[in-house]
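Close look at the chain arrangement
Okay, here's what each chain looks like letter by letter:
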Protein chains: 2
Amino acid sequence: MNYIKAFAPATVANVACGFDIFGFAVDEPGDVVELRRRAEPGIVISDITGDGGRLPRDSARNAVTVVMLRLLEHLGNTEFGGEVILHKNMPLGSGMGSSSASAVAGVYALNEMLGQPLTRQQLLPFAMEGERIACGSAHADNVGPALMGGFLVVRSYQPLDVFQIPVPEELYCTLVNPDIEVNTKDARFILRNEVSLKNAISQMGNVAGLIAGLMQEDYDLISRSMVDVIVEPIRAILIPEFNEVKQVAIAHGALGCSISGAGPSMFTLSKGRETAEQVGKAMQETFATAGIESNAYVSAINRQGPKVLEFN
Amino acid sequence: MNYIKAFAPATVANVACGFDIFGFAVDEPGDVVELRRRAEPGIVISDITGDGGRLPRDSARNAVTVVMLRLLEHLGNTEFGGEVILHKNMPLGSGMGSSSASAVAGVYALNEMLGQPLTRQQLLPFAMEGERIACGSAHADNVGPALMGGFLVVRSYQPLDVFQIPVPEELYCTLVNPDIEVNTKDARFILRNEVSLKNAISQMGNVAGLIAGLMQEDYDLISRSMVDVIVEPIRAILIPEFNEVKQVAIAHGALGCSISGAGPSMFTLSKGRETAEQVGKAMQETFATAGIESNAYVSAINRQGPKVLEFN
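These notes cover the structure that comes with them. It should be emphasised that the depicted structure is a prediction, and the values quoted were computed from it without experimental measurement.

Residue and element names in this part refer to chain B. Spatial ordering of the open sheet is given by β9-β10-β7-β11, a layout of four strands whose pairing is antiparallel. If you trace the sheet from one side to the other, it starts and ends with β9 (256–259) and β11 (294–300), each paired once. Here the average twist between neighbouring strands, direction ignored, is 20 degrees. Bridging between β9 and strand β10 (residues 266–271) involves four bridges; their strand directions are antiparallel. Counterpart to S258 in the pairing with β10 is F267. On the sheet, helix α9 (residues 242–251) packs against β9 and β10 and is oriented at approximately 155 degrees with respect to β9. Taken strand by strand, helix α10 (residues 273–289) contacts β7 (171–178), β9, β10 and β11, and its axis lies near 15 degrees from that of β7.

This is the structure:
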């Protein structure tokens, strides 16, 4: 294989109650990486589109290429030479797992080109390194589902232990990205290091409820469990119109609504595509009333994760 | 119906990671209530066996009869007269849901005698009142499974929202009650009111893992998820030989081992009755080496909850 073009999906991390432990992949948006062999060893970035010139072009500093370099290092491969073009199809700092989509597309493309020396699960620690570079902490709730698809749970970080759970066929996500920017580092910084035992118990109850609701296709339990008493109350202040948009989403039939990752994107889960689309429209209108433009994406939970678009 | 004799089971609350939100019922031990109609309105206690004289005989102060009186009050029934005999088949302050087994047996017996005016789920708030009287806080993780059977999750206390999840057929519990006493009020008192966000995240991961493991019959995931970083490290200091007993249980094949409720009883989950029995024997021997006598009980998860033993 001399050339490969690969896609990796956006992801919704936290999913209301599951801070740092829940995430799922969506069908769109997603980033695309083109990787072409070249004679000289090492990996260079020849172009990045869609980032407005904001991402580093130095392959030692860009999360996409850093994870590829780490993979080569791990494999003891000092011969490989590659040239990367990254197509950013979502804004940076959007809360939709932008950096993880790029890193996963990159490491997945390279692993495919090399003949799949590692499984997807084995690629996870490399993709997590990309998160450390992009936002200062090697969390797995975006890269996990971006790499493996579906709804992913991070049971433990040390040692790393992730698993997928089945979700209802009719479950649809609406992702709305308002045209404002929140830096993930800042969004983590404003969190408190301690939580009350009472809130921890409440959050645990909702974590248990969301898992059981998803696995049993109990939409009512899913809805009751989409409650975050720890992170959302703090981060919501960074998102103008958060309460209004959430209210309108619920009023239009969403099972629940919260912040996607560190925000400012907001997500909902709904039963059925039609409801999810109406919810998205209503959310966008509410942002628009406050003079905020937004993009909306509706999709089922993406069960596939990254995929090859082209190769030769 | 003039006479009824009812049984309600012991329960394991918390189940390692699920402080205040998880509980399951076992087949034995359990408490028995005899209720006999009498002409005069009101409820009196005519005898209590097995408590060494420690429980109040005043029906306005004993959890068993208080919940029955509350039920009559709720039903607007001022006519009913009953005489109660309570048979305690487990020690007080054992961590096996002793007070909740009594309260559930009482309220269940009365509801049966009155022709089931309320469903089991509707009886839950009354049984919880018994917990408030017995240990100062109206938690539901013992009375819930004692009343409804199976493995119960308390998603929320306000409003009260509980649900059951399926558990593997081959899952067996070993309950070992060492001959020492811990007061539940004290055991709650030594807990901190705040937990680190890091520990809360870790606990949430294990809560998600235990639910998914039980529902998917994934014994390995159940085992990895039976970890409590919030409560066990604090309460274990109240139980002599805790670490040794836990180690020996795991070494003999238990999936996991932690404190049952507020302790001092310890419980394990195992795959298969034989393993659960070997684990119990090894745990008892370890307590015995330190001069501590104990009782051990092995049973599958009790799916039935309370039951009628006799009536006429």
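So much for the structure itself; the text now carries on.
Bringing the interface of chain B and chain A into the picture now. Counting residues at the interface gives 39 residues for chain B, matched by 39 residues for chain A. Buried surface at the junction of chain B and chain A, both sides included, amounts to about 2900 Å², of which 68% is carbon and sulfur. When residues of chain B are sorted by the area they lose upon contact with chain A, R155, L197 and M204 of chain B head the list and together hold 24% of the total. For the pair chain B and chain A, the number of links is four salt bridges. Its salt-bridge partner being R224 of chain B, residue D161 of chain A comes within 2.5 Å of it at the nearest N-O pair. Linking chain B with chain A are eleven residue pairs in polar contact (both at pLDDT 80 or more). Counting residues per element, the ones that place at least two in the side of chain B that touches chain A are β5 (151–157), β6 (160–165), β8 (194–196), α6 (197–215) and α7 (219–225) of chain B. Of all the elements, α6 of chain B adds the most residues to the side of chain B that touches chain A, at 14 residues. Of the residues belonging to the side of chain B that touches chain A, the class tally is 22 nonpolar, eleven polar and six charged. Pairing of strand β8 (residues 194–196) of chain A with β8 of chain B involves three bridges; the strand directions are antiparallel.

We now examine the relation of the copies chain B and chain A. Laying chain B over chain A is done by rotating through 180 degrees and shifting 0.0 Å along the axis; what remains is an RMSD of 0.0 Å. Between the two chains, the operation in question is that of a two-fold axis. When you check the interface residues of chain B against chain A, 100% turn up at the interface there too, and the contact is symmetric in its surfaces.

The next thing to look at is the pattern of salt bridges. As enumerated under the stated definition, the model contains 24 salt bridges over all chains in all. The salt bridge involving R192 of chain B is made with E194 of chain A; its shortest N-O contact spans 3.2 Å. Separated into two different chains, R192 of chain B in the loop between α5 (184–189) and β8 and E194 of chain A in strand β8 make up a pair that spans both. If you follow the salt bridges from partner to partner, you end up with R155 and D161 of chain A together with D220 and R224 of chain B in one network.

Take the environment of T11 of chain B next. For T11 of chain B, the position within the fold is in strand β1 (residues 3–13). Leaving out residues up to four positions away in the same chain, T11 of chain B has contacts with F24, A25, G95, M96, G97, S100, N142, P145, A146 and S260 of chain B.

Turning our eyes to something else, we now look at the side chain of S94 of chain B. Residue and element names in this part refer to chain B. Counting through the fold element by element, S94 comes out in the loop between β4 (81–87) and α2 (98–113). Separated by 3.2 Å, the side chain of S94 and the backbone oxygen of P91 make a polar contact. Polar side-chain contacts of S94 include one of 3.2 Å to the backbone nitrogen of M96. In contact with S94, other than residues within four places in its own chain, are N177, G263, P264 and S265.

Criteria and cut-off values
Residues numbered from 1 in each chain as written. Chains lettered and ligands numbered in written order. Predicted model: local features only at pLDDT ≥ 70, side-chain atom pairs only at ≥ 80, totals over all residues. Heavy atoms only, no water. Pairing = 2+ DSSP bridges. Helix = DSSP H or I, 4+ residues; strand = E, 2+ residues; numbered from the N terminus. Axes fitted to C-alpha atoms, helices over the stretch in contact; angles between N-to-C directions. Contact = heavy atoms within 4.5 Å. Buried area = accessible area lost by both parts, 1.4 Å probe. Salt bridge = Lys/Arg side-chain N within 4 Å of Asp/Glu carboxyl O. Polar contact = N/O pair within 3.5 Å; in protein donor to acceptor, adjacent residues only side chain to side chain. Nonpolar A, V, L, I, M, F, W, Y, C, P; charged D, E, K, R; others polar. Least-squares fit on C-alpha atoms with pLDDT ≥ 70 in both.

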